[in-house]
Amino acid sequence: MHPLHHPLFIRFIIHFNEEKDYFECHEVGEEYWKSVAPKNKLHPLTGWIQLAVGMYHWRRSNYPGALRSFIRSKVKLASGNEWVDGFDQELLIKNISHAIEAVTERKPFSPFPIPVTSNELKKMVKNYHAANPTVDQDPYYIMHKHRLRDRSSIINLREQRKRRNLEL
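A short tour of the structure in this document, coming up. (Residues numbered from 1 in each chain as written. Predicted model: local features only at pLDDT ≥ 70, side-chain atom pairs only at ≥ 80, totals over all residues. Heavy atoms only, no water.)

A word on the overall build of the protein
When helices and strands are tallied, the protein shows nine helices and zero strands. Mapped from its N terminus to its C terminus, the protein presents α and β elements in the order α-α-α-α-α-α-α-α-α. Relative to its full complement of 168 residues, the protein shows a buried share of 39%. Carbon and sulfur atoms make up 52% of the accessible area of the protein, which amounts to about 9900 Å² in all. (Helix = DSSP H or I, 4+ residues; strand = E, 2+ residues; numbered from the N terminus. Buried < 20%, exposed > 50% of the residue type's maximum accessible area, 1.4 Å probe, protein only. Areas by Shrake-Rupley, 256 points an atom, 1.4 Å probe, with all protein chains shown as cover.)

A look at helix α5 (residues 89-104)
For α5, with 16 residues, the first-to-last C-alpha span of 22 Å sits near the 22 Å given by 1.5 Å per residue. For α5, the full list of buried residues reads Leu 92, Ile 93, Asn 95, Ile 96, Ala 99, Ile 100, Ala 102 and Val 103. Against the buried residues of α5 lie α3 (45-59) and α4 (63-77). A positive backbone phi angle near 60° is found at Arg 106, which sits one or two residues after α5. (Expected span 1.5 Å × (residues − 1). Contact = heavy atoms within 4.5 Å.)

Brief notes about the pattern of salt bridges
The tally for this structure, following the rule as stated, stands at two salt bridges. Salt-bridge contacts for Lys 34 lead to Glu 30; the nearest nitrogen and oxygen are separated by 3.8 Å. Of this pair, Lys 34 and Glu 30 are both found in helix α2 (residues 22-36), four residues apart, which corresponds to roughly one turn of the helix. Here Glu 30 falls in the partly exposed class, since its relative accessible area comes to 25%. We note a salt bridge from Glu 105 to Lys 107, for which the minimum N-O separation is 3.1 Å. Exposure remark for Glu 105: the relative accessible area of 47% places this residue in the partly exposed category. (Salt bridge = Lys/Arg side-chain N within 4 Å of Asp/Glu carboxyl O.)

Observations concerning the side chain of Ser 73
For Ser 73, the location among the structural elements is in helix α4. Polar side-chain contacts of Ser 73 include one of 2.8 Å to the backbone oxygen of Gly 47. With residues near it in sequence (within four places) discarded, Ser 73 still touches Gly 47, Gln 50, Leu 51 and Ile 96. (Polar contact = N/O pair within 3.5 Å; in protein donor to acceptor, adjacent residues only side chain to side chain.)

Points about α2
In a regular helix each residue adds 1.5 Å, so 15 residues correspond to 21 Å; α2 covers 21 Å between its end C-alpha atoms and thus fits that length. Within α2, the full set of buried residues consists of Tyr 22, Phe 23, Cys 25, His 26, Val 28, Gly 29, Tyr 32 and Trp 33.

A few points about the packing of aromatic side chains
For the structure on display, the rule yields 13 aromatic pairs. Joined through ring pairs, the aromatic side chains of Phe 9, Phe 12, Phe 16, Tyr 22, Trp 48, Trp 58, Phe 70, Phe 87, Phe 109 and Phe 112 make up one cluster. (Phe/Tyr/Trp six-rings, centres within 6.5 Å; stacked < 30°, edge-to-face > 60°.)

Shown next, in the form of structure tokens:
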């Protein structure tokens, strides 16, 4: 299977292009990354994740965070490897460059889609989406998801780690 045909990456595309839920892009992208290249921050998949993070920050007017994420994303996605097969890479890089300019100039958020060119990938996205229809979400919730979601498991995990470090 081509790495970008993985169900988690298909979900990434749907979250990005259709739902514009960049937080969920980050979540599924990170889950996929941890399964293929854990801790390898130079892996090309991290470029996709950083693109989603940049969009999330830009929408929230966190311009410094968006700029850092877009610059890192552009470097990784410009390299041209199997992790950009099936996409109009030239348009993708152009869109990221425009986002970098806009963020630098503190312009308002302006979403753009990931330009899918592969008919096979388009079909996979369509089929996945048909089998798993999206539910409209509150735009405020999507915009501030990292603050509004249930974080109790994350907090508990941090507390456990703190206790373990104190015991050492």
